[in-house]
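Each chain, written out:
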Amino acid sequence: MCCSLFRCGEPTAHHACRRACGSLPKGDYSLADGFPDPEQAALGFALSAYLYEQYVTPSRKIRRLGVGKDVDLDRIGIVLDGVKLARDLINTPANDLGPEDLAAAVAALFDKHGGAGRVVVGEDLLDENFPMVHAVGRASSRAPRIADFTWGEASNPKVTLVGKGVIFDTGGLNLKPGSSMSLMKKDRGGSANVLGLASMIMAAKLPVRLRVIVPCGENAVSGNAFRPGDILSSRKGLSVEIGNTDAEGRLILGDALALADEESPDLLIDMATLTGAARVALGPDLPPYYTHDEGLAEDIAVMAEAAADPLWRLPLWQPYMKYLDSKVADINHINTSGAGFAGSITAALFLSRFVENTESWIHFDIFGWTPADKPGKPAGGEAQGIRCLFDLISERYSSAQ
């Protein structure tokens with residue numbers, strides 16, 4: 001069958017093919033002669049075809065798209081593998097994916113590509129100075145841990161990815177209501193996206209020294225759960241007053257970012273399903289990003305638009321740092337004096353306190369979920385920002401060699 005798709009005034013070939021693929025019956029298709037940007041169209045077609053079928057009878061709805069020799073199928077395959085990995089890790093229910101399983105997924109990915117690393121588990125987190133990772137995860141019967149893996153030549157530019165790996169977030173003692181808890185398997189979305197991006201980087205053999213750090217844990221409730229009003233120590237040496245146990249992600253990221261910052265990488269990226277405030281501001285499809293690096297910010301904006309991978313910059317507005325003041329500790333991890341406003345910005349400002357050596361640091365406050373089927377985005381776990389970042393890292397460091 002031949003399908004002439006680009007006939008409806010769609011803004012991009014990528015979006016047109018995404019939209020059409022979702023409604024096509026099974027069969028073989030090809031692009032009409034003169035179809036604009038066939039590579040983006042092929043990618044959009046494939047992104048729409050994703051199915052998560054781990055727990056159901058597999059679908060027989062197979063749709064294939066024939067493309068010309070000018071389409072780089074190898075690169076498309078690399079991107080699709082990374083997106084699938086991110087989506088699968090988010091979609092897996094928490095009863096089948098605990099902290100140990102997430103750390104094992106990091107190890108398996110790096111082992112596949114010849115990387116190496118280690119995992120620090122349970123009480124060893126205290127011995128190795130990850131007190132906030134330990135505090136957040138200690139109430140669960142499944143021990144918290146931090147995975148730290150590297151790949152590539154040590155002499156190459158250092159690119160470090162940090163991903164929030166909260167397996168499931170009950171809110172802790174500040175317990176979430178049921179309506180807010182039902183999707184909390186997606187709270188590992190930052191780590192899932194980081195691993196999807198890492199998969200792309202390693203499969204493409206980009207000339208970088210890649211490091212991935214994933215703090216893994218479950219924010220659960222038990223007698224030894226951390227409490228509002230507790231004061232935690234951190235790897236950075238800052239004392240942190242706990243204002244709300246449901247803002248746990250920034251705590252584990254604080255320890256992980258401090259570790260990453262110790263070697264001053266050339267580029268430090270963190271991704272996290274961090275705040276509801278980001279969704280209120282920009283909705284589920286447009287994640288905000290934060291950085292002090294003006295050149296990096298501009299590159300992200302350009303790459304995001306080109307990749308049809310939408311992102312929007314929000315400011316690290318320093319006057320709001322006062323909202324994190326504490327009378328009993330160096331800092332509070334939530335906005336306690338600003339009437340709860342600017343929640344995504346104050347969360348990013350909190351994280352910025354743990355990064356002082358790295359010049360190019362960027363934080364993404366993603367949603368990691370598509371609430372309902374959209375072109376190229378089946379409902380469920382979603383990869384956000386990583387196609388843009390793969391293009392950015394490919395261009396920035398491949399051309400530097």
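If you're wondering where the values come from, they're calculated on a predicted model, not measured in any experiment.

A look at the overall build of the protein chain
Moving on, step 1. For the protein chain, the helix and strand inventory stands at 13 helices and 16 strands.
Moving on, step 2. In terms of overall size, the protein chain behaves like a compact globule, its C-alpha atoms giving a radius of gyration of 21 Å where 401 residues would be expected to give roughly 21 Å.
Moving on, step 3. Principal-axis analysis of the C-alpha atoms places the extent of the protein chain at approximately 70 × 50 × 40 Å.
Moving on, step 4. With 401 residues in all, the protein chain has 57% of them scored as buried.
Moving on, step 5. Expressed as a percentage of contacts within the protein chain between residues at least 6 apart in sequence, the contacts between residues at least 24 apart total 79%.
Moving on, step 6. Carbon and sulfur atoms make up 51% of the accessible area of the protein chain, which amounts to about 16,400 Å² in all.

Observations regarding the side chain of His363
Moving on, step 1. Considering the arrangement of structural elements, one finds His363 in strand E14 (residues 361–365).
Moving on, step 2. Residue His363 is classed as buried on the basis of its relative accessible area, which comes to 0%.
Moving on, step 3. Of note is the side chain of His363, whose polar atom sits 2.6 Å from the side chain of Asp270.
Moving on, step 4. For His363, the contacting residues outside a window of four places in its chain are Asp270, Leu274, Pro288, Tyr289, Tyr290, Ala348 and Leu351.

What to know about the sheet that holds strand E13 (residues 331–332)
Each strand in a sheet pairs with another by means of backbone hydrogen bonds, the pair being arranged parallel or else antiparallel.
Moving on, step 1. Judged by pairing direction, the sheet is mixed, and its three strands sit side by side in the order E8-E9-E13 without closing on themselves. Of all the strands in the sheet, the pair left with one neighbour each is strand E8 (231–232) and E13.
Moving on, step 2. Both strand E9 (residues 240–241) and E13 contribute to a ladder of two bridges, which runs parallel. If you follow Glu241 over to E13, its bridge partner there is Asn332.

Describing the UniProt feature "domain: Cytosol aminopeptidase" (unreviewed entry) in the protein chain
Moving on, step 1. The sites that UniProt annotates as "domain: Cytosol aminopeptidase" (unreviewed entry) are residues 244–251.
Moving on, step 2. Secondary structure across residues 244–251 comprises 38% helix and 0% strand; the distance between its end C-alpha atoms is 11 Å.

Thoughts on the packing of aromatic side chains
Moving on, step 1. A complete count under the given rule lists five aromatic pairs for this structure.
Moving on, step 2. Aromatic side chains Tyr320 and Tyr323 sit 5.2 Å apart centroid to centroid with 15 degrees between the ring planes, which places their arrangement in the stacked category.
Moving on, step 3. The ring of Tyr50 carries the charged tip of Arg87 above its face, separated from the ring centre by 5.0 Å.

Concerning the pairing of strand E5 (residues 158–163)
Each regular strand shows side chains that alternate between the opposite faces of the sheet.
Moving on, step 1. Burial of E5 is extensive: five of the six residues sit out of reach of the surface.
Moving on, step 2. In the sheet, E5 pairs with strand E7 (residues 209–219) via five bridges, with the strands oriented parallel. Bridged to Val162 within E7 is Ile213.
Moving on, step 3. Alignment of E5 against strand E10 (residues 267–272), held across five bridges, turns out to be parallel. Counterpart to Leu161 in the pairing with E10 is Ile269.

Here we look at the confidence of the model for the protein chain
Moving on, step 1. With 93% of its residues at a pLDDT of 70 or more, the protein chain shows a mean pLDDT of 93.
Moving on, step 2. Throughout residues 1–11 the model reports pLDDT below 50, and contacts reaching past four residues in sequence, or to other chains, amount to 23 contacts.

Brief notes about the pairing of strand E6 (residues 165–169)
Moving on, step 1. Along E6, five of the five residues are buried, which leaves the element largely enclosed by surrounding structure.
Moving on, step 2. Relative to E7, E6 runs parallel, the two sharing three bridges. Each bridged residue has a counterpart across the sheet, and for Val166 the counterpart in E7 is Gly217.

Thresholds, definitions, all that
Residues numbered from 1 in each chain as written. Predicted model: local features only at pLDDT ≥ 70, side-chain atom pairs only at ≥ 80, totals over all residues. Heavy atoms only, no water. Helix = DSSP H or I, 4+ residues; strand = E, 2+ residues; numbered from the N terminus. Rg over C-alpha atoms; globule rule 2.2 N^0.38 Å. Buried < 20%, exposed > 50% of the residue type's maximum accessible area, 1.4 Å probe, protein only. Contact = heavy atoms within 4.5 Å. Areas by Shrake-Rupley, 256 points an atom, 1.4 Å probe, with all protein chains shown as cover. Polar contact = N/O pair within 3.5 Å; in protein donor to acceptor, adjacent residues only side chain to side chain. Pairing = 2+ DSSP bridges. UniProt positions renumbered as here; feature names shortened; annotations may be inferred. Phe/Tyr/Trp six-rings, centres within 6.5 Å; stacked < 30°, edge-to-face > 60°. Lys NZ or Arg CZ within 6 Å of the ring centre and 35° of its normal. pLDDT = per-residue confidence, 0-100.

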